[in-house]
Amino acid sequence: MSNQSLMGFFAHADDIEFAIGGTCLKYVEKGYKVDYIMSTNNMSGVYHKVENDGSISRIPYCPQKMEPIRKQEAAAGAACLGSVPLHLDYPQRHYYADGEQKKKISIGYGMPAPQGVDCSLPNIMIAHEYKEEVTKVADLILERDPEVIFTHSYFSDSPEHYATALLAAKGYAQAVKRGYAGDLFFINEVCESSFFLRNHIQWDSFIDISGYRQKQFDLIRCHISMVPFPERMDYLDYTPMCGVKDAEIFSRFRFGSGKIPNARGELSQELLDNYIQGRWFDPGL
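Residues numbered from 1 in each chain as written. Predicted model: local features only at pLDDT ≥ 70, side-chain atom pairs only at ≥ 80, totals over all residues. Heavy atoms only, no water.

Draft legend 1. Just the nonpolar core, in detail. Counting 27 residues, the largest nonpolar core has Leu 6, Ile 20, Phe 150, Phe 250, Leu 267 and Leu 271 as the members making the most contacts within it. Contributing elements (two or more residues each) for this core: strand E1 (5-10), helix H1 (15-29), strand E2 (33-40), helix H2 (63-80), strand E8 (148-151), strand E9 (183-187) and helix H7 (266-273). Per-element accounting of this core gives the leading share, 6 residues, to H1. Formed by 23 residues, the second largest nonpolar core is a distinct cluster that contains Val 134, Ala 165, Leu 167 and Tyr 180. (Core = buried A, V, L, I, M, F, W, Y, C linked by side-chain atoms within 4.5 Å. Buried < 20%, exposed > 50% of the residue type's maximum accessible area, 1.4 Å probe, protein only. Helix = DSSP H or I, 4+ residues; strand = E, 2+ residues; numbered from the N terminus.)

Draft legend 2. Inspection of the packing of aromatic side chains at higher detail. Inspection of every chain in the model, using the stated rule, returns 10 aromatic pairs. Between Phe 150 and Phe 185, the aromatic rings sit 6.4 Å apart at their centres with planes inclined by 40 degrees, giving tilted as the arrangement. In this pair, Phe 150 is assigned in strand E8 and Phe 185 in strand E9, connecting sequence segments 35 residues apart. As far as burial versus exposure is concerned, Phe 150 and Phe 185 are alike and both buried. The rings of Tyr 172, Tyr 180, Phe 186 and Phe 253 are connected pair by pair, giving a single aromatic cluster. The ring of Tyr 61 has Lys 65 lying over it, and the distance from NZ or CZ to the ring centre is 5.5 Å. (Phe/Tyr/Trp six-rings, centres within 6.5 Å; stacked < 30°, edge-to-face > 60°. Lys NZ or Arg CZ within 6 Å of the ring centre and 35° of its normal.)

Draft legend 3. Structural view of the environment of Thr 40. For Thr 40, the location among the structural elements is in strand E2. You can call Thr 40 buried: its relative accessible area is 0%. It is 9.8 Å that separates the C-alpha atoms of Thr 40 and Met 125, two residues lying 85 residues apart in sequence. At a separation of 2.7 Å, a polar atom in the side chain of Thr 40 contacts the main-chain carbonyl oxygen of Ala 11. A distance of 3.2 Å separates a polar atom in the side chain of Thr 40 from the backbone nitrogen of Asn 42. (Polar contact = N/O pair within 3.5 Å; in protein donor to acceptor, adjacent residues only side chain to side chain.)

Draft legend 4. Fine view of the packing of helix H3 (residues 131-144) against helix H4 (residues 159-177). Viewed as axis vectors pointing N to C, H3 and H4 meet at an angle of 65 degrees, and their least axial separation amounts to 8 Å. Crossing handedness for the pair H3 and H4: right-handed. Here H3 contributes Glu 133, Val 134, Thr 135, Val 137, Ala 138, Ile 141 and Leu 142 to the contact with H4, which in turn contributes Leu 167, Lys 170, Gly 171, Tyr 172, Gln 174 and Ala 175. Along the lines of polarity and charge, the residues of the contact of H3 with H4 split into 8 nonpolar, 3 polar and 2 charged. (Axes fitted to C-alpha atoms, helices over the stretch in contact; angles between N-to-C directions. Left-handed = near helix turned anticlockwise from the far one by under 90°. Contact = heavy atoms within 4.5 Å. Nonpolar A, V, L, I, M, F, W, Y, C, P; charged D, E, K, R; others polar.)

Draft legend 5. Inspection of the pattern of salt bridges at higher detail. Enumeration over the complete set of coordinates arrives at 16 salt bridges. The residue Lys 71 makes a salt bridge to Asp 89 at a minimum N-O spacing of 2.8 Å. Pair noted here: Lys 71 is in helix H2 and Asp 89 is in strand E5 (residues 86-90), with a separation of 18 residues, a long-range link. Judged by relative accessible area, which is 19%, Lys 71 ranks as buried. Taking the relative accessible area as the measure of exposure, Asp 89 reaches 27% and is therefore partly exposed. (Salt bridge = Lys/Arg side-chain N within 4 Å of Asp/Glu carboxyl O.)

In structure tokens form, the structure reads like this:
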């Protein structure tokens, strides 16, 4: 039996809210727990400062400033979902050095690690190559036993997103071999401004989040250092594809036989009810 939970396995603070915020809000109301998992240590980023005239200044922050801000915001977002974030703390692939120039430094190839940041773990871009790290993810999945796992797409234009998807998929595959009976779905991060990057992506199912978009914006607002004005996001109208304006769409990870499993609960039942393998994006843009 399912323990009535879903797992969001994502790279950065705010990714869960952006990608599956509506799904989380809908199913928390139905009594589900949310396993709020982030793969990176959130040390790299640009602070978005709102000026008096409403414009936004982008200020690079060093890890000592950025990491605590982003983790505090993640805690706030998770709390809204009745959860506590779990940080796997794989270092990000680069960071901004302190000082006037705010130089971006890539980790690896002899470059120095940022002061005060634990780099004993592999950085997120290569974590999936380490068997022990994949096993940690499999252990986590088996321990939490979520009904459904959601993660990034392999086709994201963010390297840390698709590296996280690889880590999640490898951990999921190992967990299945060890008895896990849940399902893994990749998100499709589509908004109108980024559609041209993803118009070749197929999708299989969706969650109807009608009535939850404004609540999702409120949830995203927990991450004000990154997204001061979530209402400005240009989510697509999914009516031509799903029959509902507001939806979150997913591709199922096919592992082993690829056979569609029986639903373990209401969430997987909705995904099963809406499932048609291999549909294409066609929003008429």
